[in-house]
Amino acid sequence: MNVVGLFFYLFSAICVASAFMVIASRNPVHSVLFLILAFFNAAGLFMLMGAEFLALILIVVYVGAVAVLFLFVVMMLDVDFAELRQGVLQYLPIGGVIGIVLLVELVLVLGGLSITPEGADLVVQPIPDMAETSNIQAIGDLLYTKYVFFFQMAGLILLVAMIGAIVLTLSHRSDVKRQNTATQIGRDPATAVTLHDVKPGEGI
Amino acid sequence: MEPGTITFNLAVAIPELMLAVGAMVLLMIGAFTGEKSARSMHVIAVALIAAAAAVLVYTAPEGVVFSDAFVSDRFARLMKLLVLGGSTFAIAMSYGFARHASYGRFEYPILVVLATLGMMVMISADDLIALYLGLEMQALALYVAAAINRDSLRASEAGLKYFVLGALSSGMLLYGMSLIYGFTGHTNFAGIAEAMAAERQLGEIFGIVFMLAGIAFKVSAAPFHMWTPDVYEGAPTPVTAFFAAAPKVAAMAMMIRVTYGAFEHAAADWQQIIAFLAIASMLLGAFAAIGQTNIKRLMAYSSIGHMGFALVGLAAGTQTGVSGVIIYLIIYLIMTLGTFACILAMRREDGLVEDISELSGLSRTHPMMALMLTALMFSLAGIPPLAGFWAKYFVFLAAVQAELYVLAVIGVLASVVGAFYYLRIVKIMWFDEPESGFVPMASELRLVLGVSGVFTIFYVVVAGPVSSIATGAARTFF
Amino acid sequence: MAVETTAAVQPGLSIGFFDTGGFFETYLLPFVIMLGQSVLLLTILLIVVAYILYADRKIFAAVQMRRGPNVVGPWGLLQSFADLIKFVLKEPIIPASANKGVFLLAPLVAGVLALSAWAVVPVGPGLAVADPNLGILFIFAITSLEVYGIIMGGWASNSKYPFLASLRSAAQMVSYEVSIGFVIITVLLCVGSLNLSHIVWSQLDGAGTMLGLPSSFLDWHWLGLFPMFIIFFISAIAETNRPPFDLPEAESELVAGHMVEYSSTPFLLFFLGEFVAITLMCALTTILFLGGWLPPIDVAPFNWVPGVVWFVLKGMAVFFCMAMVRSLVPRYRYDQLMRLGWKVFLPISLAMVFLTALVLQITGWAENRPDPASLAPTASVSSTLHST
């Protein structure tokens with residue numbers, strides 16, 4: 001076994017184990033932390049495949065941003081997990097059946113590929129050989145040239161989602177004092193301060 | 001691949017680009033001027049969509065661009081024109097409501113513009129990914145539009161229901177797409193058709209079933225219609241008017257392109273599914289509408305029934321059938337918009353009313369409106385020589401020509417049953433004792449109602465050109 | 001400080017490095033070499049941090065007309081080491097209700113992450129433990145993870161003030177990361193490579209060359225991308241939780257922020273992580289905008305000085321600015337901080353990304369620019385760059 005194989009098994013084993021711990025750990029914050037560990041190992045697997053850009057972007061986006069928001073929410077929630085867990089045994093059989101079905105399907109797909117290798121010819125190879133181009137260039141060519149239409153559409157869909165979230169949730173409360181930075185900065189002593197010559201004992 | 005290769009022919013997609021950029025500009029204007037600009041936003045949005053329609057008709061060339069994902073042909077252009085028209089009138093009709101705080105949000109016209117953009121992409125989609133992106137874009141905008149009056153419990157419920165069921169249908173659609181892609185190895189429609197030409201596998205059939213089920217959700221064909229009555233009833237009426245018109249046309253156009261473009265060699269398989277959808281929708285539309293007292297709910301069942309009739313033409317699988325569907329969509333769009341103009345005019349001092357009984361004696365309080373609404377109701381029921389009759393005539397003709405006699409007979413029977421509830425409205429308007437009248441009709445509603453009523457009554461005059469346009473568009477697929 | 005590395009056998013991040021061959025030559029030897037480099041780098045970093053801490057306190061004191069640390073060693077030079085020994089010798093206290101595992105993990109995460117980013121920083125031509133192709137992205141990824149130390153520490157303490165502070169600072173760091181990301185993108189647009197050495201070499205050619213002063217300080221990116229330089233500097237201060245953006249610590253309201261419950265070595269690790277992150281940001285500013293190890297003017301007395309010296313001098317200058325900002329500017333209120341990040345920096349940096357790309361496209365500089373790797377002046381250096 002060469003070192004790449006060794007690292008592959010190391011990363012995948014930790015990845016699977018931490019994925020299991022995500023659903024098995026008692027504390028939701030621990031679950032999120034294990035999820036982060038799983039992301040890291042997935043990034044490691046990307047690295048082994050030579051997809052360094054994807055690996056680092058996975059860390060930046062999922063670990064650096066998405067999981068932080070997860071942690072935020074989970075930390076502020078007061079979830080009683082002992083209670084949530086009560087139905088586990090009840091749903092275990094059905095969950096197990098679904099899991100086994102998925103496993104069998106995966107085995108069938110992979111088995112089919114190894115039994116009839118010509119099936120793999122159906123798969124379109126969208127990027128040139130990695131020897132000719134770099135990671136980023138290949139992704140860029142696909143995303144911004146070949147599939148620019150899909151990319152822009154996806155952007156617009158996200159815009160719609162953002163508008164929707166704002167329309168449905170943002171409320172401008174009228175009974176809140178807001179500060180206007182421009183007017184605050186724009187104030188000068190001439191308009192803000194007046195000097196009074198106050199005689200003793202009289203007040204203004 | 002050099003960066004220079006990005007210079008493909010953007011002219012083909014200029015109307016879409018106009019809407020996308022225009023929506024963002026509108027958003028910026030709205031964000032900086034706030035709610036007080038809601039009414040002027042309606043005007044600008046109408047102008048924007050009208051401009052896009054003009055460009056579509058006069059300058060935008062036909063062609064296939066974006067790695068074969070986006071096609072603009074005669075069919076697409078006609079359907080886009082219909083969608084643009086439906087959206088224009090829908091925004092125009094909501095203009096009067098823009099001053100109400102609850103609906104008068106500047107985001108509404110923007111959402112309609114974005115939904116229209118999504119529909120245009122759906123119509124032009126020549127690739128599964130483009131189809132899905134367009135569909136999601138219009139669906140997301142519609143979910144938000146349904147719940148835009150967020151202080152109303154019913155509107156929020158409608159939005160949520162629409163969202164949950166829409167997500168379910170998207171899931172089914174995606175599942176079908178992944179099966180199709182897995183078995184054919186293509187996302188492009190031409191590639192799928194080519195792969196299916198040789199032999200068909202079981203997985204492809206499953207894929208077709210799931211995809212058609214997902215699309216049937218969007219056209220609200222039974223048995224995937226469950227969301228329609230609740231959403232129509234719960235959403236604010238101007239929004240319902242929009243829902244009933246353009247999205248139906250877009251979803252139906254997408255269905256035509258998927259069945260005749262991607263699955264053209266599997267016609268024998270999908271014809272059975274479409275025929276089943278058609279029969280179920282026609283019967284449900286006819287019988288379930290009888291007991292309704294709310295006019296928006298009634299229109300929901302009516303639209304389910306009409307989609308069933310349109311599907312009859314699709315099930316025929318011939319060029320006559322497709323042109324029949326196109327004619328049906330044109331007429332349905334115009335009739336629906338006219339009817340909703342009337343529903344929007346059902347307003348007393350204290351707000352909109354939605355009960356059918358409120359229309360009683362309309363012939364004496366508002367004779368002109370009553371006359372137009374009567375014409376529309378007769379037309380929806382399919383009584384000659386009004387437009388609705390011709391719409392049904394062409395689809396049934398196609399079914400008979402394709403020897404689908406059972407389908408045609410059930411269609412005619414459903415049409416007779418359906419006539420009952422349309423005629424009931426006419427009876428209420430002309431023979432019941434009047435209640436207090438509505439507030440005078442707004443001018444934009446009058447315009448829509450007038451155009452729609454005149455078109456419906458004098459359809460025979462324009463029947464020739466409409467038929468030839470529809471035939472020309474249908475020829476795209478044959 | 002000289003991290004004399006024989007860069008020819010650097011494995012870096014690229015995995016294609018592994019191939020068949022003798023176990024010793026292929027795996028063990030590079031591993032040992034890399035280990036040695038890392039230990040060397042670590043030692044130097046710790047010494048640098050100690051004196052940066054001292055400098056920080058001295059500058060702060062000087063501005064306030066105090067004397068600052070002056071008791072331990074001559075002029076107080078050994079003060080930081082005294083502090084270090086004090087922290088290590090103290091008894092570590094773990095609160096009874098704390099989540100023990102996470103509580104102890106948090107300072108480790110903070111310390112180790114900050115140190116690991118230094119692995120890819122080139123302090124001189126070819127002087128780096130590793131010089132991977134995606135170096136800048138690696139650093140960006142690591143800095144985006146530094147928030148975890150704070151957020152985990154705050155939560156695991158199971159106490160109000162640390163928790164509030166960690167929420168605050170997580171929001172703060174995530175916010176400023178966005179603008180840092182955009183600033184980095186503008187620089188990358190001008191360079192055409194994500195390799196840190198290439199970023200430095202590309203600054204041999206720029207505005208100064210056009211003005212007739214080739215290879216001078218006018219060539220560096222600070223001039224061509226001027227507003228971005230300022231935004232990066234301020235965002236770097238916010239990202240490292242330095243005053244005036246030190247709301248995570250905010251002694252006046254939150255006692256000592258996420259570190260309230262920490263003592264002894266865990267506290268030291270947090271502290272260390274913070275200061276290593278500060279040195280990293282200084283180094284990054286130097287590389288991105290101040291020409292890295294390049295001399296300010298390419299004439300006789302200046303270009304005799306080794307690049308490392310220039311690098312350290314520039315980094316120190318940036319740190320001096322940070323220390324001056326700390327002592328001169330009052331602390332921002334939290335809403336002002338967020339407003340600055342989201343409403344000022346984000347739009348400006350986004351617009352600059354757009355503008356930079358537009359200018360590069362219209363002028364054709366992007367297509368005609370030389371390959372960044374080829375800008376390296378000597379053959380030996382460029383060969384080390386290509387080896388990664």
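Everything numeric in this text was worked out from a predicted model, so none of it was measured. (Residues numbered from 1 in each chain as written. Chains lettered and ligands numbered in written order. Predicted model: local features only at pLDDT ≥ 70, side-chain atom pairs only at ≥ 80, totals over all residues. Heavy atoms only, no water.)

### Looking at the overall build of chain C
Each helix and strand in chain C was counted, giving 17 helices and zero strands. The buried share of chain C, taken over its 388 residues, is 54%. Put simply, 76% of the contacts in chain C that link residues at least 6 apart link residues at least 24 apart. Accessible area of chain C: about 16,700 Å², with a carbon and sulfur share of 72%. (Helix = DSSP H or I, 4+ residues; strand = E, 2+ residues; numbered from the N terminus. Buried < 20%, exposed > 50% of the residue type's maximum accessible area, 1.4 Å probe, protein only. Contact = heavy atoms within 4.5 Å. Areas by Shrake-Rupley, 256 points an atom, 1.4 Å probe, with all protein chains shown as cover.)

### Considerations on the overall build of chain A
The secondary structure content of chain A amounts to nine helices and zero strands. Within the span of chain A, comprising 204 residues, buried residues form 27% of the whole. In chain A, the proportion of contacts linking residues at least 24 apart, taken out of those at least 6 apart, comes to 52%. Put simply, chain A shows about 14,200 Å² of open surface, and 70% of that area lies on carbon and sulfur atoms.

### Side note on the side chain of N195 of chain C
Residue and element names in this part refer to chain C. Relative to the elements of secondary structure, N195 occurs in the loop between α6 (160-191) and α7 (196-201). In this structure N195 comes out as buried when scored by relative accessible area, which is 0%. A polar side-chain atom of N195 sits 2.7 Å from the main-chain amide nitrogen of S197. (Polar contact = N/O pair within 3.5 Å; in protein donor to acceptor, adjacent residues only side chain to side chain.)

### Thoughts on the interface of chain A and chain B
Counting residues at the interface gives 24 residues for chain A, matched by 35 residues for chain B. Taken together, the two surfaces of chain A and chain B that pack against each other cover about 2,500 Å², and 80% of this comes from carbon and sulfur. Our count for the contact surface shared by chain A and chain B stands at four residue pairs in polar contact (both at pLDDT 80 or more). A per-class count over the side of chain A that touches chain B returns 18 nonpolar, four polar and two charged. (Buried area = accessible area lost by both parts, 1.4 Å probe. Nonpolar A, V, L, I, M, F, W, Y, C, P; charged D, E, K, R; others polar.)

### What about the pattern of salt bridges?
Residues and elements named next belong to chain B. Applying the stated criterion to the full structure yields 17 salt bridges over all chains. A salt bridge links D432 to K427; its shortest N-O distance comes to 3.7 Å. Using a relative accessible area of 24% as the deciding quantity, one classes D432 as partly exposed. Residue classification places K427 among the partly exposed residues on the basis of a relative accessible area of 42%. Connected through shared salt-bridge partners, E157, K161, D230, E233 and R297 make up one network. (Salt bridge = Lys/Arg side-chain N within 4 Å of Asp/Glu carboxyl O.)

### Brief notes about the interface of chain A and chain C
Facing 27 residues of chain A, the contacting portion of chain C comprises 30 residues. When chain A packs against chain C, the two sides together hide about 2,400 Å² of surface, and 79% of this comes from carbon and sulfur. When the buried area of chain A at its contact with chain C is split by residue, L56, F72 and M75 of chain A rank highest and sum to 22% of it. Where chain A touches chain C, the interface holds zero salt bridges. Between the two partners, chain A and chain C, sit three residue pairs in polar contact (both at pLDDT 80 or more).

### Things to note about the nonpolar core
Generally speaking, soluble globular proteins have nonpolar side chains that are buried together. Of all hydrophobic cores here, the largest spans 193 residues; its most connected members are F242, F243, F263, I326 and L359 of chain B. When sequence neighbours within four positions are dropped, the list of residues in contact with L359 of chain B reads I295, M346, L373, I425, I428, M429 and F438 of chain B. (Core = buried A, V, L, I, M, F, W, Y, C linked by side-chain atoms within 4.5 Å.)

### Concerning unusual backbone geometry
Each neighbour pair has its own omega, and for A222 of chain B with P223 of chain B the value is 0°, a cis peptide bond. The residue P223 of chain B is located in the loop between α8 (202-219) and α9 (227-234) in this model. Note that the residue after P384 of chain B, namely P385 of chain B, is joined by a cis bond; omega there is 5°. Following the sequence through the fold, P385 of chain B ends up in the loop between α15 (367-381) and α16 (387-401). Residue F66 of chain B is not a glycine yet carries a positive backbone phi of 55°. Assignment of secondary structure puts F66 of chain B in the loop between β1 (63-65) and β2 (70-72). Here the phi dihedral of M65 of chain C falls at roughly 60°; this positive angle occurs in a residue that is not glycine. Structurally, the position occupied by M65 of chain C is in the loop between α1 (23-63) and α2 (79-89).

### Examining the packing of α15 of chain B against α16 of chain B
All names here are of chain B. One can describe the packing of α15 onto α16 by two numbers: an axis separation of 6 Å at closest approach and a directional angle of 10°. The angle between α15 and α16 places the two elements in the roughly parallel class. Here the hand of the crossing between α15 and α16 comes out right-handed. Along its contact with α15, which presents S379, L380 and A381, the element α16 presents A387, G388, F389 and K392. Here the residues of the contact of α15 with α16 are counted per class, giving four nonpolar, two polar and one charged. (Axes fitted to C-alpha atoms, helices over the stretch in contact; angles between N-to-C directions. Parallel < 35°, antiparallel > 145°, perpendicular 65-115°, else oblique. Left-handed = near helix turned anticlockwise from the far one by under 90°.)

### What about the packing of aromatic side chains?
The relative placement of two aromatic rings is captured by the distance of their centres and the angle of their planes. As enumerated under the stated definition, the model contains 41 aromatic pairs over all chains in all. Measuring from centroid to centroid gives 4.9 Å for Y175 of chain B and F210 of chain B, while their planes differ by 85°, and the two rings are edge-to-face. One end of the pair, Y175 of chain B, is in helix α6 (residues 153-184); the other, F210 of chain B, is in helix α8, and 35 residues separate them in sequence. Centre to centre, the rings of Y262 of chain C and F270 of chain C are 4.9 Å apart; their planes meet at 80°, and the pair counts as edge-to-face. Seen from the ring of F309 of chain B, K392 of chain B lies directly overhead, with NZ or CZ sitting 4.6 Å from the centre. The ring of F60 of chain C is capped by R326 of chain C, whose NZ or CZ atom sits 4.1 Å from the centre of that ring. (Phe/Tyr/Trp six-rings, centres within 6.5 Å; stacked < 30°, edge-to-face > 60°. Lys NZ or Arg CZ within 6 Å of the ring centre and 35° of its normal.)

### With respect to the packing of α6 of chain C against helix α12 (residues 264-289) of chain C
Residues and elements named next belong to chain C. Interaxial distance between α6 and α12 falls to 10 Å at its minimum, and their mutual angle equals 30°. Here α12 runs roughly parallel to α6, going by the angle between their axes. Relative to α12, α6 is oriented so that their crossing is left-handed. Between α6 and α12, the residues in contact are I180, V183, I184 and V187 and M281, L288 and F289, respectively. A class-by-class count of the residues in the contact of α6 with α12 yields seven nonpolar, no polar and no charged.

### What about the environment of V147 of chain C?
Examined against the element boundaries, V147 of chain C turns out to sit in helix α5 (residues 147-156). Between the C-alpha atom of V147 of chain C and that of E239 of chain C, which follows or precedes it by 92 residues, the distance is 9.2 Å. Sequence-distant contacts of V147 of chain C, defined by excluding residues within four places in its chain, comprise V68 of chain A together with A170 and M173 of chain C.

### Looking at the confidence of the model for chain C
Any residue range with low pLDDT should be treated as having predicted coordinates unsuitable for detailed reading. All names here are of chain C. On average, residues of chain C score 82 in pLDDT, and 88% of them are at 70 or above. Averaged pLDDT values over the elements of chain C bottom out at 39 in helix α17 (residues 379-387) and peak at 91 in helix α14 (residues 307-328). Note that residues 1-19 has pLDDT below 50 and, in this model, 46 contacts with residues that lie over four places away or in other chains. Segment residues 379-388: pLDDT under 50, and 19 contacts once partners within four positions in sequence are set aside and those in other chains are kept. Reported confidences for the modelled complex are a pTM of 0.85 and an ipTM of 0.90. (pLDDT = per-residue confidence, 0-100.)

### A closer look at helix α2 (residues 28-48) of chain A
Residue and element names in this part refer to chain A. For α2, built from 21 residues, the straight-helix expectation of 30 Å at 1.5 Å per residue is met to within 8% by its first-to-last C-alpha distance of 30 Å. The residue sitting at the N-terminus of α2 and contributing the capping side-chain oxygen is N27; that oxygen lies 3.0 Å from the backbone nitrogen of V29. Of the residues trailing α2, G50 is marked for its positive phi of about 90°. (Expected span 1.5 Å × (residues − 1).)

### Some details on the confidence of the model for chain A
A residue-level look at chain A finds 84% of positions with pLDDT of 70 or above and a mean pLDDT of 81. Ranking the elements of chain A by mean pLDDT puts helix α4 (residues 81-84) of chain A last with 66 and helix α7 (residues 148-169) of chain A first with 92.

### Description of a nonpolar patch on the surface
Residue and element names in this part refer to chain C. Residues M210, L211, L223, F354, L355, L358, V359, I362 and W365 make up a contiguous nonpolar surface patch of roughly 940 Å² in combined accessible area. Elements that contribute at least two residues to the nonpolar patch include exactly α8 (207-211) and α15 (334-363). As for its placement among the helices and strands, I362 is situated in helix α15. Residue classification places I362 among the exposed residues on the basis of a relative accessible area of 66%. (Patch = residues over 30% accessible without salt bridge, like charges linked within 9 Å, V, L, I, M, F, W, Y side chains within 5 Å.)

### Some words on the environment of L54 of chain A
Positionally, L54 of chain A belongs in helix α3 (residues 52-76). Each C-alpha atom of the pair L54 of chain A and A43 of chain A lies 7.6 Å from the other, and the pair is 11 residues apart in sequence.

### Notes on the state of the cysteines
Applying the stated rule across the entire model yields zero disulfides over all chains. With no disulfide of its own, C321 of chain C has C282 of chain C as its nearest cysteine by sulfur position, at a separation of 9.1 Å. (Disulfide = S-S within 2.5 Å.)

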